[in-house]
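# Observations on chain architecture
If you want the building blocks of each chain, they are given just below.
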Amino acid sequence: MEGGGRRVVAVGAGLAGLGAAQRLRGHGSLRLLEAATRAGGRVCTRPFASGLAEMGAHWIHGPSPGNPVFCLASRYGLLGPEAAREENQQVEAGGHPPMPSVTYGSSGKVLNPKAVREARDLFYALLASTRAFQGSKEPPWPSVGQYVRAEIARTVPTMAGGQEDARRLQLAVLAACLKLECCISGTHSMDLVALEPFGEYVSLPGLDCTFPGGYSSLAERLISDLPEGTVLLNKAVRTIQWKGSFREEGDDARVFPVRVECEDGDVFLADHVIITVPLGFLKEHHQKFFQPPLPERKAQAIRNLGFGTNNKIFLEFEEPFWEPEQQLLEVVWEDESPLEEPSSDLETSWFKKLIGFVVLQPPEQHGHVLCGFIAGKESEHMETLNDAEVLSAMTRVLRTMTGNPNLPAPRSVLRSRWRSAPYTLGSYSYVAVGSSGDDIDVLAQPLPEDPRDPQPLQLLFAGEATHRTFYSTTHGALLSGWREAERLNQLFQAPVPAPQS
């Protein structure tokens with residue numbers, strides 16, 4: 001058997017685990033242990049209305065030749081004709097794709113597009129200026145949020161030509177921009193996101209695109225390329241013992257350094273274990289999950305890095321109240337300002353954190369469906385409510401924004417609950433105040449730390465939170481899985497298998 005019959009176990013069958021498996025085939029035996037009833041991890045497509053709802057990953061961010069998710073999806077024939085167009089792959093959207101949008105204000109009117117655009121241009125200019133602090137020994141503020149708010153405060157006197165009403169409107173739009181950035185960063189507040197390393201994140205070129213057959217079609221294709229029985233579902237891992245000498249019953253000759261015990265009592269002995277569980281799970285469980293515990297440096301990196309919640313609320317309507325060309329309905333609470341503290345009463349105002357709704361396209365496939373985005377503690381509060389309460393709150397928001405008290409309520413609702421998902425415990429990672437890109441690299445380092453150890457690479461680490469420039473993305477997850485497979489391939493000195501077309 002190639003690779004000296006070495007036994008590899010991957011914990012987690014999301015894109016990182018599946019990516020590692022894709023590159024590792026041919027090396028002894030391989031098992032992917034997945035705690036959930038389905039593979040894909042934070043890629044999760046569910047049927048809704050007459051089409052599909054992406055509960056997790058929604059878009060391919062930056063679909064261009066440098067994006068491995070885009071390249072795989074193209075090769076598998078999973079994308080629509082639009083995504084494949086060369087000019088779409090060259091658009092520099094900077095992580096904020098332009099969409100035909102309408103912005104509703106809480107006074108029940110559509111806001112002046114020029115005023116909205118001015119405020120948004122200012123916000124994105126401030127966000128772009130954060131890159132100047134990369135590598136800075138003394139950034140002016142610890143967090144992105146503090147820096148942006150300080151700069152907004154500086155420009156207030158000249159904002160909107162000094163007209164009070166116009167200025168208040170621009171401040172309200174800027175508050176909405178900060179909420180959107182919370183969704184993108186997967187955080188409760190931009191005050192939690194470190195300023196100095198913020199510019200390390202890399203946005204790939206290309207107009208973000210979706211999977212016509214659902215994002216899960218990518219995970220399904222990756223699984224279908226693996227030998228049957230490689231992925232074991234409902235196999236939650238309880239503990240990973242490493243630095244050991246474990247033998248299988250009836251075979252005293254073979255000694256394994258790692259023992260993986262599952263919640264159901266099943267045990268897997270391995271030479272190498274690739275851990276791809278989300279950072280949220282590691283934050284809560286790493287002390288008991290690994291025996292012996294992880295080295296303090298790695299435990300500290302797990303504590304330092306940020307991991308927040310971004311959820312979606314899908315609403316199905318009998319008839320659309322929006323125009324056919326509108327792809328994004330934004331909501332702005334006109335009494336808000338980034339220079340004032342938002343209400344902390346989650347019970348009465350959680351829904352104000354909602355940034356608005358993306359219209360699912362095309363309606364012929366999906367029906368008339370809006371997908372709302374909401375991040376942070378308000379998002380986590382939403383998870384504690386029942387469907388009727390969420391639907392009622394969304395109906396109130398839409399009636400307020402459109403100024404139509406008789407707007408028909410949505411006919412059905414579906415939402416994600418990533419903070420409550422026991423093996424995820426949130427959505428994705430960010431570089432928090434008090435951490436840096438170095439923590440991501442420390443998290444990605446295999447164990448044991450001594451490269452001369454006679455049993456090298458017992459524990460390897462993959463997943464979006466281990467990719468220094470593409471954290472929080474599916475392409476970061478996939479690349480991290482490939483990286484760890486490559487590490488093992490080099491150890492086995494086996495050629496990488498040619499990808500299946």
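One can find the structure itself at the top, above this paragraph.
So, a few notes on the structure that sits alongside this text. (Residues numbered from 1 in each chain as written. Predicted model: local features only at pLDDT ≥ 70, side-chain atom pairs only at ≥ 80, totals over all residues. Heavy atoms only, no water.)

### Topic: the packing of aromatic side chains
Within this structure, the stated rule accounts for 15 aromatic pairs. Ring plane angle 70 degrees and centroid distance 5.7 Å describe the contact between Phe123 and Tyr124, whose orientation is recorded as edge-to-face. By relative accessible area, Phe123 is classed as buried at 1%. Measuring from ring centre to ring centre gives 5.2 Å for Phe289 and Phe290, while their planes differ by 90 degrees; the resulting arrangement is edge-to-face. For Phe290, a relative accessible area of 0% translates into the label buried. The lysine or arginine in question, Lys298, covers the ring of Phe461, its NZ or CZ lying 3.9 Å from the ring centre. The positively charged end of Lys352 is found above the aromatic ring belonging to Trp333, 5.0 Å away from the centroid. (Phe/Tyr/Trp six-rings, centres within 6.5 Å; stacked < 30°, edge-to-face > 60°. Buried < 20%, exposed > 50% of the residue type's maximum accessible area, 1.4 Å probe, protein only. Lys NZ or Arg CZ within 6 Å of the ring centre and 35° of its normal.)

### Some words on the sheet that holds strand β18 (residues 368-375)
The 6 strands are arranged β5-β16-β17-β18-β15-β19 in an open sheet whose pairing can be described as mixed. The sheet is open, and its two borders are formed by β5 (101-105) and β19 (412-415), each paired with just one other strand. Along the sheet, successive strands turn relative to each other by an average axial angle of 20 degrees, direction set aside. As judged from the 5 bridges shared by β5 and strand β16 (residues 328-332), these two strands associate in the parallel manner. Bridge pairing in β16 places Thr103 opposite Glu330. Relative to the sheet, helix α14 (residues 387-402) contacts β5, β15 (310-317), β16, β17 (356-359) and β19, its axis offset from that of β19 by approximately 110 degrees. (Pairing = 2+ DSSP bridges. Helix = DSSP H or I, 4+ residues; strand = E, 2+ residues; numbered from the N terminus. Axes fitted to C-alpha atoms, helices over the stretch in contact; angles between N-to-C directions. Contact = heavy atoms within 4.5 Å.)

### Some details on the packing of helix α1 (residues 15-24) against helix α16 (residues 474-492)
Relative to each other, α1 and α16 sit at 35 degrees, their axes nearing to 7 Å. Relative to α16, α1 is oriented so that their crossing is right-handed. In this structure, α1 contributes Leu15, Ala16, Gly19, Ala20, Gln22, Arg23 and Leu24 to the contact, and α16 contributes Thr474, Ala477, Leu478, Ser480, Gly481, Trp482, Ala485, Leu488, Asn489 and Phe492. Looking at the contact of α1 with α16 residue by residue, the classes come out as 10 nonpolar, 6 polar and 1 charged. (Left-handed = near helix turned anticlockwise from the far one by under 90°. Nonpolar A, V, L, I, M, F, W, Y, C, P; charged D, E, K, R; others polar.)

### Some details on unusual backbone geometry
In this structure, the amide linkage connecting Gln291 to the following residue, Pro292, adopts the cis form with an omega of -5 degrees. Within the secondary structure, Pro292 sits in the loop between β13 (290-291) and α10 (296-304). In this chain, Gln361 is followed by Pro362 through a cis amide linkage whose omega measures -10 degrees. Considering the arrangement of structural elements, one finds Pro362 in the loop between β17 and α12 (363-366). The phi torsion at Asn234 lies on the positive side, around 55 degrees, for a residue other than glycine. Judged by relative accessible area, which is 48%, Asn234 ranks as partly exposed. Positive phi outside glycine occurs at Leu425, with the angle close to 60 degrees. If you trace the backbone, Leu425 turns up in the loop between β19 and β20 (428-430).

### Here we look at the sheet that holds strand β10 (residues 258-262)
Spatial strand order, β11-β10-β7-β13: 4 strands in an open sheet with mixed pairing. Looking at which strands have only one partner, the edges of the open sheet turn out to be β11 (267-270) and β13. Pairing of β10 with β11 involves 4 bridges; the strand directions are antiparallel. Looking at β11, one finds that Val260 is bridged to Phe268.

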